[in-house]
Every structure is written in C-alpha cells, then in structure tokens.
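Structural description and commentary
Take a look at the letters that make up each chain.
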Amino acid sequence: DEVSKTKDPPTATTSRAAALRLVSLLFGGASLALIMWLVLFLCGVVGGKAMAADDSLRAGIENMRQKNYKAAVSHFAAATGQGADVMLALGSQAECLYYLNEYENALKICDELTARIPNCGRAAHIRGLVFRRQGKTPEALEQFRWAARTGHIASIAMLRKEGQ
C-alpha cells in the first residue's frame, strides 16, 4: 500500500515511453528513430493523400450538384491525381466535360477510364451521349449497347427510348 501512494498513476506519457522502450528493445536504439520517422511519414503522406482525395471528390460532387461543371472538373482531376476512386473521379470528370460541350476532352477521359477499367459501362454511356450530341447515331447506339451489356441502367433506358 505504501508503494501505491508514492507511485504516479500511469499516463499517456508513461505509456508512450513504455511503448518506445519496447520498440527500442525489439529493433535496437539506432533504428528506433528511423522506425518512428517512417511511421510518422507514412501516416502523414498516405493518410493525408487519402484525405485530400476525399476532399477533392466531395468538392467536385458539390460543384457538379450546383451545375458548376468547370470547377467540378478541376476537383475531379485533382482527386484522380491523389489516388481517389477512379470510376467516380474520371467518370464524373467526363460527365462534366460533356455538360460543358467539351466533347473531345470528355472522350479522352472516357478512354483513360476504359484503359483503367476495361468493362466500364459509365465510360461507354458517356461516349454514347457525346456521339449522339455530335449526330453520330450508329456510334452512339453501339456505345449504349456496350454499356447496357455491363448493366448500366441509364444506357438500358436510353436504348428502350430509342426503340432498340
């Protein structure tokens, strides 16, 4: 009982020190600094990058919802570079470019999306929309059919509307 009165209660600092001593015993003192730096670096870079990608996606979606397509394109492009969900970021970017009547850029993004995800129905659907807007009906229907085979609902509806 005398010992418990003089001993300080455990704190986060004493727990952290104990953990550092354990790591030091396991890996040696010289590599402890390297291990700690590596952990902090990875948490900062990987965690920070994922958070930045999520923030860019959210901003893109919000701008798209408000029909501010030009700003949305920038956010989706940033999200793609930060490792975001490729289908969501590139597909949304291509869709916004379509709404901005930037058809060639939309098709380039669709090609990039298809290169990353070969059976991407969304890319085919957006290609179909672009081709239809350009008056290329046979090419548009071919893309809608391809997208429909992947289960893309909007393309299925488009084909029904076209009587296909």
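As a starting point, this report considers the structure included with it. (Residues numbered from 1 in each chain as written. Predicted model: local features only at pLDDT ≥ 70, side-chain atom pairs only at ≥ 80, totals over all residues. Heavy atoms only, no water.)

**What about the overall build of the chain?**
When helices and strands are counted, the chain shows 9 helices and 0 strands. A buried classification covers 32% of the 164 residues belonging to the chain. Taking all contacts inside the chain whose residues are at least 6 apart in sequence as the whole, residues at least 24 apart take part in 46%. (Helix = DSSP H or I, 4+ residues; strand = E, 2+ residues; numbered from the N terminus. Buried < 20%, exposed > 50% of the residue type's maximum accessible area, 1.4 Å probe, protein only. Contact = heavy atoms within 4.5 Å.)

**Some points on the pattern of salt bridges**
In total, this model carries 5 salt bridges according to the counting rule given. Here D111 ties to R127 by a salt bridge, and the two come within 3.3 Å at their closest N and O atoms. Linking D111 in helix 6 (residues 103–116) with R127 in helix 7 (residues 121–133), this pair joins segments that are 16 residues apart in sequence. You can call D111 partly exposed: its relative accessible area is 45%. (Salt bridge = Lys/Arg side-chain N within 4 Å of Asp/Glu carboxyl O.)

**Re the side chain of T80**
With respect to the secondary-structure elements, T80 resides in helix 4 (residues 69–81). Each residue touching T80, except ones within four places of it in the same chain, is listed here: A89, L90, Q93 and R116.

**Some words on helix 8 (residues 137–149)**
For helix 8, spanning 13 residues, the distance from its first C-alpha to its last is 18 Å, which sits close to the expected 18 Å at 1.5 Å a residue. Within helix 8 the residues assigned to the buried category are A140, L141, Q143, F144, A147 and A148. The arc enclosing the buried residues of helix 8, seen along the axis, measures out at 160 degrees, which places them on a common side. Turned more than 90 degrees off the buried face of helix 8, the exposed positions are P138, E142 and R149. Looking at the buried side of helix 8, the elements it contacts are helix 7 and helix 9 (153–161). Within two residues after helix 8, G151 carries a phi angle of roughly 95 degrees, on the positive side. (Expected span 1.5 Å × (residues − 1). Arc of directions from axis to C-beta.)

**Quick notes on unusual backbone geometry**
Both trends apply: most residues other than glycine have a negative phi, and most peptide bonds are in trans. Although it is not a glycine, K67 sits at a positive phi angle of roughly 60 degrees. Structurally, K67 is set in the loop between helix 3 (29–65) and helix 4. Relative accessible area serves as the criterion here: at 62%, K67 is assigned to the exposed category. The phi torsion at N101 lies on the positive side, around 65 degrees, for a residue other than glycine. On the secondary structure map, N101 appears in the loop between helix 5 (86–99) and helix 6.

In short, the description is geometric, and any link to function would need to be established separately.
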